[in-house]
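A closer look at the structure
One-letter residues, chain by chain:
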Amino acid sequence: MSFNHFDDRGQAIMVDVSAKEPTMRSAIASATVHLGRETLAAILEGRTTKGDVLGVARLAGIAAAKKTPDLIPLSHPLAIHFVSIDFTSDQAAGTIRVEATVKAFERTGVEMEAMTSASVAALTIYDMCKGRDKGIAIGEIVLLFKEGGKSGVYRRKETQ
């Protein structure tokens, strides 16, 4: 089975996964939000004018995982079984690391769902804090881990 997003005429197509057997799939992706230390402190202490920044970002990330096929044209609609969003802050660096985990029993992987989830959660942090800190930047968005399907387990080298 060839996994190519282009037909023999070079036109974009959705890969046909109908003949594949469903297996348990999981993926973890992360995004890093760089912000000022005072902005980070305000988020962690609940002192932002827009409320619970991380709570809203968590909800946005969960919703984004479920909406991935609406945003990424060739991704498959999947029955997502689990999404979690975790945040790790580093006061000294002035960063929040968003980590999204997605699971589904499906014919294709959930990597795009995890990456979309982490991205949208990071963008939500930006949106809720942009009035306070114009210098916020979103850094690396990466796949950290995936398992399921024929290709097996992948771990990003820095996470091994």
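Position numbers for residues start from 1 in each chain and track the written sequence from start to end. Confidence filtering applies because this is a predicted model: local features only for residues at pLDDT of at least 70, side-chain atom pairs given and counted only at 80 or more, and all residues used for totals across whole chains, interfaces and linings. Side-chain metrics in this entry use all non-hydrogen atoms of the structure; hydrogen atoms and water are not considered.

**Here's the deal with the sheet that holds strand E4 (residues 137-147)**
For sheets, the rule is that strands pair by backbone hydrogen bonds, running either parallel or antiparallel. What makes two strands pair is DSSP finding at least two bridges between them. In this description a helix means any DSSP run of H or I spanning at least four residues, a strand means any run of E spanning at least two, and both kinds are numbered starting from the N terminus. Strand order in this open sheet of five strands is E2-E3-E1-E4-E5, and the pairing throughout is antiparallel. In this open sheet, the two edge strands, each paired with only one partner strand, are strand E2 (82-90) and strand E5 (154-155). Inspection of the sheet shows E4 paired to E5 by two bridges, in the antiparallel sense. Each residue of the ladder has a partner; that of Lys146, found in E5, is Tyr154. Contacts between residues were defined by any pair of non-hydrogen atoms, one from each residue, lying within 4.5 Å. Angles shown run from 0 to 180 degrees and are taken between the N-to-C directions of axes, each axis being a line fitted to C-alpha atoms and, for helices, limited to the stretch in contact. Docked against the sheet, helix H3 (residues 111-129) engages strand E1 (23-34), E2, strand E3 (95-106) and E4, running at close to 25° with respect to E1.

**Brief notes about the pairing of E3**
Bridge count between E1 and E3: 12 bridges; the pairing is antiparallel. When the sheet's bridge partners are listed, Thr23 is paired in E3 with Glu106. Bridge count between E2 and E3: nine bridges; the pairing is antiparallel. Of the residues in E3, the one forming a bridge with Thr88 is Arg97. Hairpin connection between E2 and E3: a loop of four residues separates the two successive antiparallel strands, and Gly94 in this loop has a positive phi of roughly 70°.

**Concerning the UniProt feature "active site" (unreviewed entry) in the protein**
UniProt positions are given in the numbering used here, feature names are shortened, and annotations may be inferred rather than shown by experiment. Within this numbering scheme, the UniProt entry marks Asp127 as carrying the feature "active site" (unreviewed entry). Within the element layout of this structure, Asp127 appears in helix H3. Type-normalised accessible area, obtained with a 1.4 Å probe on protein chains alone, sets the label of each residue: buried when under 20%, exposed when over 50%, and partly exposed for intermediate values. According to the relative accessible area criterion, Asp127 is partly exposed, its value standing at 37%.

**Regarding the nonpolar core**
Ranked by size, the top nonpolar core spans 30 residues in total, and within it Val33, Leu35, Ile43, Phe87, Ile96, Val98 and Ile125 carry the most contacts. Among the secondary structure elements, those contributing two or more residues to this core are E1, helix H1 (37-45), helix H2 (53-71), E2, E3 and H3. No other element matches H3, which puts seven residues into this core. Apart from residues no more than four positions distant in its own chain, Phe87 is found in contact with Leu54, Ala57, Arg58, Ile96, Arg97, Val98 and Ile125. The set of buried Ala, Val, Leu, Ile, Met, Phe, Trp, Tyr and Cys residues whose side-chain atoms join them within 4.5 Å is what this entry labels a nonpolar core.

**So, H2**
The terminal C-alpha atoms of H2 lie 23 Å apart, and with 19 residues this falls more than 12% below the ideal 27 Å at 1.5 Å per residue. Among all positions of H2, only Val53, Leu54, Gly55, Ala57, Ala60, Gly61, Ala64, Ala65 and Thr68 are buried. Each element contacted by the buried residues of H2 is listed here: H1, E2, E3 and H3. A helix is expected to span 1.5 Å multiplied by its residue count minus one.

**A word on H1**
Residues Thr39, Leu40, Ala41, Ala42 and Ile43 constitute the buried set of H1. The elements touched by buried residues of H1 are H2, E2, E3 and H3.

**Some words on the pattern of salt bridges**
Think of a salt bridge as a Lys or Arg side-chain nitrogen and an Asp or Glu carboxyl oxygen that are within 4 Å of each other. One pass over the full model with this rule turns up eight salt bridges. One salt bridge in this structure joins Glu38 and Arg132, with 3.2 Å as the shortest N-O distance. Taken together, the positions of Glu38 in helix H1 and Arg132 in the loop between H3 and E4 put the pair 94 residues apart, joining distant regions of the chain. By relative accessible area, which is 46% here, Glu38 ends up partly exposed. With a closest N to O distance of 3.6 Å, Lys67 and Asp70 form a salt bridge.

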